[in-house]
Number of protein chains: 2
Amino acid sequence: MALRHAVLAALLDGELSGYQLTKAFDIGVANFWHAQPQQLYAELTRLEKDGLIAGRSVVQETRPTKRLFQVTDAGLAELEEFTAAFAKPSFIRDDLLVKVQAADHVDKKTLIAQLSERATFAEAKIQLFGKLLRKMRGDRTEEEFLRHGHRIGPYLTCLRGLALEQGNRDWCERTITVLRERRHHHARH
Amino acid sequence: MALRHAVLAALLDGELSGYQLTKAFDIGVANFWHAQPQQLYAELTRLEKDGLIAGRSVVQETRPTKRLFQVTDAGLAELEEFTAAFAKPSFIRDDLLVKVQAADHVDKKTLIAQLSERATFAEAKIQLFGKLLRKMRGDRTEEEFLRHGHRIGPYLTCLRGLALEQGNRDWCERTITVLRERRHHHARH
DNA sequence: TGTGAGTACTCATTTTCATGACTATCATGG
DNA sequence: CCATGATAGTCATGAAAATGAGTACTCACA
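Cut-offs applied
- In this numbering scheme, every chain counts its residues from 1 along its sequence in written order.
- Each chain takes a letter, starting from A, and each ligand takes a number, starting from 1, following the order in which they are written.
- Since the coordinates come from a predicted model, pLDDT governs what is reported: local features require at least 70, and pairs of side-chain atoms require 80 or more to be given and counted, while whole-chain, interface and lining totals use all residues.
- Side-chain measures here rest on the full set of heavy atoms in the structure, leaving out hydrogens and waters.
- Every helix listed is a DSSP run of H or I at least four residues long, and every strand listed is a run of E at least two residues long, numbered separately from the N terminus.
- This radius of gyration counts C-alpha atoms alone. The globule rule is 2.2 Å times how many residues there are, raised to the power 0.38.
- In this scheme, a residue with accessible area under 20% of its type's maximum is buried, one over 50% is exposed, and one in between is partly exposed, where area comes from a 1.4 Å probe on protein chains only.
- Two residues qualify as a contact provided that any one of their heavy atoms is within 4.5 Å of a heavy atom in the partner residue.
- In summary, the pairing rule links any two rings of Phe, Tyr or Trp, Trp by its six-membered ring, whose centres are within 6.5 Å, and it sorts them by plane angle into stacked for under 30 degrees, edge-to-face for over 60 and tilted for everything else.
- Here's the idea: put two parts together, see how much 1.4 Å probe accessible area each one loses, and the total over both is what we call buried area.
- In what follows, salt bridge is the name for a side-chain nitrogen of Lys or Arg lying within 4 Å of a carboxyl oxygen of Asp or Glu.
- Each residue gets one of three labels, nonpolar for Ala, Val, Leu, Ile, Met, Phe, Trp, Tyr, Cys and Pro, charged for Asp, Glu, Lys and Arg, and polar for the others, Gly among them.
- Only residues with pLDDT of at least 70 in both copies count here: their C-alpha atoms drive the least-squares fit that superposes the copies.
- Boundaries between domains were set according to an automatic or database domain assignment.
- Think of a polar contact as two N or O atoms within 3.5 Å of one another; within protein, one of them needs to be a possible hydrogen donor and the other a possible acceptor, and neighboring residues in sequence only count if both atoms come from side chains.
- Should DSSP find at least two bridges between two strands, the strands are taken to pair.
- What counts as an axis is a line fitted to C-alpha atoms, over the stretch in contact for a helix, and the angles between N-to-C directions run from 0 to 180 degrees.
- UniProt positions are given in the numbering used here, feature names are shortened, and annotations may be inferred rather than shown by experiment.
- The cutoff for a nearby residue is simple: one of its non-hydrogen atoms must lie within 4 Å of the molecule or strand.

Per an unreviewed UniProt entry, chain A carries the name PadR family transcriptional regulator and comes from Streptomyces antioxidans.

Laid out in C-alpha cells, this is it:
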C-alpha cells in the first residue's frame, strides 16, 4: 500500500485532478514513483472513500468536467504515520541488468544497442530533471533554496532522480566501452 | 515475464538448486533482481516444463535430495530473444522517496531517522559489493579483468549495484544535512 | 470533413508479487 | 536431550500492478 502514500505526497503540492496526476506519474516526471492512470484513478476513489483526500468537481466550458483533489487532515495524519513506519529497502528490478548479467552468453552487438538506447534515454531525463530543478529553485542557488525555500521535498526527490539517471548513463557508457573492447580483442583471435 | 529471464541469467553461472538460487536472490547478492523463494521455485517448475532449463536430482547422504538446474539450448535462445526485445525503462519505486517528497509536511526528526537507517543499510551493501567484486576479479585489476576475464556479466551488474548504493548513501547524507540545517534555522525563529 | 491529438475518465481481466504457514532432515551448541 | 539454524523445498491466499479496451467531448490542421 505505497501507491496510496505516493498519491498523497503528490497532492501535497496543491489540488490536482486525476488526469493531472497521471501526467505527473506517467513518463517519469514523477521521480519518486510510477503508476498507470487506471491505478491512480482507482486509488483516488479509495482515498476519497477513506476520507484521506477531498474532491470537488470543477465544471469547465470547453473541456470535460474534472475533479480536483486535496489532502485532508486525516490524509496528513496518514502520511505522518507512513513516514514513521518501516520502509523496506527497495531493490533493483531492471530488464537491462538481466541482459547484462547474461552478457557472456548473448550477442554483444544487440546488447550494446540496448545499452546505447538506455544511455540516450537517461540523458534525456537528466536534461528534464535539470530543467525541473532550475524551475523549482528559481534564481536562487541550490544551497540558498535548500536552506530557505519553502517546499524542498520535490526538489530533494528530483535530485535523487537526477543522480540515478547520471549513474545509469555513466554505467551504460562504461559497459559499452568494455563490451566493444572485448569484441575487438576477440575478433583478433 | 522478466523474473523468468532473471532466473535464466542467474543459472548461466553453473548448475544451481532452487535453494541455492534463493540464497543468491534474497539478501541482495542478486544485484540485478529480487524475488521470494516461492516465486523462484514456481518459476523453476515452469521453466523446466517449457524446456528452457533441465533439472536433475542429486541424492545426498546427509541432506535432503536436491534438484540442480541448468540452462538448455532452448533457454539460451530464449535469453537471446529477450536481449533483443525492447526493455521498458525501469522506474524508481521507493517508500523512502515518497516520504522525502512529503518532507515539508511531516516530522523532520522521524524522516532523518529513516534516512539515517537507509544510509547505514547502503553502506553495508557497498561493503558487500566491494567484497564480491574483489572476489570475482581475483588478483587482477578491474581493467585487466574486464578486458580478459571470462564471465564479466555478473561483475558489470555488480558495478551498477555498487554505484546505486553509493548514490543512495550520498543522497541520504546530503538530505539529512539539509533537513538538519533547516531544523536549526527554524528553531531560531 | 474527417483525422489525429489532447482532456478526462472507467471497467474488466490477467499477471505478477508478496505473505504466511507448513513438511522434512541433519548438524551444532549448550 | 532439546533448541536452534541450515538445507530443501511446497501450498494457498491475497494484494498490487500491468494490460487492454472503451467512452465522450474538443480543438487544430489539412
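**Quick word on the overall build of chain A**
Regarding its fold elements, chain A presents eight helices and three strands. Along its sequence from the N terminus, chain A presents helices and strands in the succession α-β-α-α-β-β-α-α-α-α-α. Its C-alpha radius of gyration of 21 Å places chain A more than 25% over the 16 Å reference for a compact globule of 189 residues. With the C-alpha coordinates of chain A rotated into their principal frame, the extents come out at 70 × 45 × 40 Å. Residue burial in chain A is summarised as follows: out of 189 residues, 47% are buried. Within chain A, residue pairs in contact and separated by at least 24 positions form 56% of the contacts whose partners lie at least 6 positions apart.

**Some thoughts on the packing of aromatic side chains**
Residue and element names in this part refer to chain A. Taken as a whole, this structure holds four aromatic pairs over all chains when the rule is applied. Relative to Phe-32, the ring of Phe-25 has its centre 6.1 Å away and its plane inclined at 65 degrees; by these criteria the two rings are edge-to-face. Given a relative accessible area of 1%, Phe-25 falls into the buried group. When the ring of Phe-145 is compared with that of Tyr-155, the centres are 4.8 Å apart and the planes differ by 50 degrees; the resulting orientation is tilted.

**A few points about the interface of chain B and chain A**
Each partner contributes residues to the interface: chain B has 77 residues there, and chain A has 77 residues. Between chain B and chain A the total buried area reaches about 7000 Å² when both faces are included, carbon and sulfur atoms providing 60% of it. Between the two partners, chain B and chain A, sit six salt bridges. One salt bridge in this structure joins A:Glu142 and B:Arg174, with 3.2 Å as the shortest N-O distance. Only α1 (3-11), α4 (73-84), α5 (95-101), α6 (108-137), α7 (142-148) and α8 (153-188) of chain B provide two or more residues apiece to the side of chain B that touches chain A. The biggest single contributor to the side of chain B that touches chain A is α8(B), with 18 residues. Looking at side-chain class alone, the side of chain B that touches chain A contains 36 nonpolar, 20 polar and 21 charged residues.

**Here we look at the relation of the copies chain B and chain A**
Superposing chain B onto chain A requires a rotation of 180 degrees together with a translation of 0.0 Å along the rotation axis, leaving an RMSD of 0.2 Å. Here the transformation between the copies is reduced to the relation of a two-fold axis. When C-alpha positions in chain B are compared against the rotation axis, the closest is assigned to B:Leu164, at 3.6 Å. A symmetric contact is evident, with 100% of the interface residues of chain B recurring at the interface of chain A.

**Here we look at the side chain of A:Thr22**
All names here are of chain A. Assignment of secondary structure puts Thr-22 in helix α2 (residues 18-25). Of the residues examined, Thr-22 reaches a relative accessible area of 6% and is grouped as buried. With near-sequence residues (within four places) excluded, Thr-22 lies in contact with Pro-37, Leu-40 and Tyr-41.

**Quick notes on the environment of B:Leu68**
Position of B:Leu68 among the secondary structure elements: in strand β3 (residues 66-71). Residues contacting B:Leu68, with those up to four places away along its chain left out, are B:Glu15, B:Leu16, B:Ser17, B:Gln20, B:Ala54, B:Gly55, B:Arg56 and B:Val58.

**Thoughts on the domain arrangement of chain A**
All names here are of chain A. Segmenting chain A into domains produces domain 1 (3-84) and domain 2 (95-188). On a C-alpha basis, the centres of domain 1 and domain 2 stand 28 Å from each other. Taking both sides of the interface into account, the surface hidden between domain 1 and domain 2 amounts to around 550 Å²; carbon and sulfur atoms contribute 55%. The partner of Arg-151 in a salt bridge is Asp-13, and the shortest N-O contact between them spans 3.4 Å. Here domain 1 is connected to domain 2 by two residue pairs in polar contact (both at pLDDT 80 or more). A class-by-class count of the residues in the side of domain 1 that touches domain 2 yields three nonpolar, two polar and one charged.

**Side note on the sheet that holds strand β2 (residues 53-58) of chain B**
Adjacent strands of a sheet pair through backbone hydrogen bonds, lying either parallel or antiparallel. Residue and element names in this part refer to chain B. Read across the open sheet, the three strands follow the order β1-β3-β2; overall the sheet is antiparallel. Of all the strands in the sheet, just β1 (16-17) and β2 have a single pairing partner and so form its edges. The strands touched by α1 within the sheet are β1, β2 and β3, with β3 carrying the most contacts at an inclination of about 95 degrees. Where helix α3 (residues 37-49) meets the sheet, it contacts β2 and β3, and its direction lies at approximately 115 degrees from that of β2.

**A look at the UniProt feature "domain: Transcription regulator PadR C-terminal" (unreviewed entry) in chain A**
UniProt annotation of "domain: Transcription regulator PadR C-terminal" (unreviewed entry) refers to residues 92-180 of chain A when read in the numbering used here. Summarising residues 92-180 of chain A: 81% helix, 0% strand, and an end-to-end C-alpha distance of 26 Å.

**Observations concerning the protein's contact with DNA strand C**
The local shell around DNA strand C holds 19 residues, among which A:Gln60, A:Arg67, B:Met1, B:Gln38 and B:Thr62 are the closest. Sugar plus phosphate, as a fraction of atoms of DNA strand C within 4 Å of the protein: 67%. At 3.3 Å, a side-chain N or O of A:Arg93 approaches a phosphate oxygen of DNA strand C. At 3.2 Å, a side-chain N or O of B:Gln39 approaches a phosphate oxygen of DNA strand C. For the surface near DNA strand C, the elements supplying multiple residues, two or more each, are α2, α3 (37-49) and β3 (66-71) of chain A together with α3 of chain B. Of the residues belonging to the surface near DNA strand C, the class tally is six nonpolar, nine polar and four charged.

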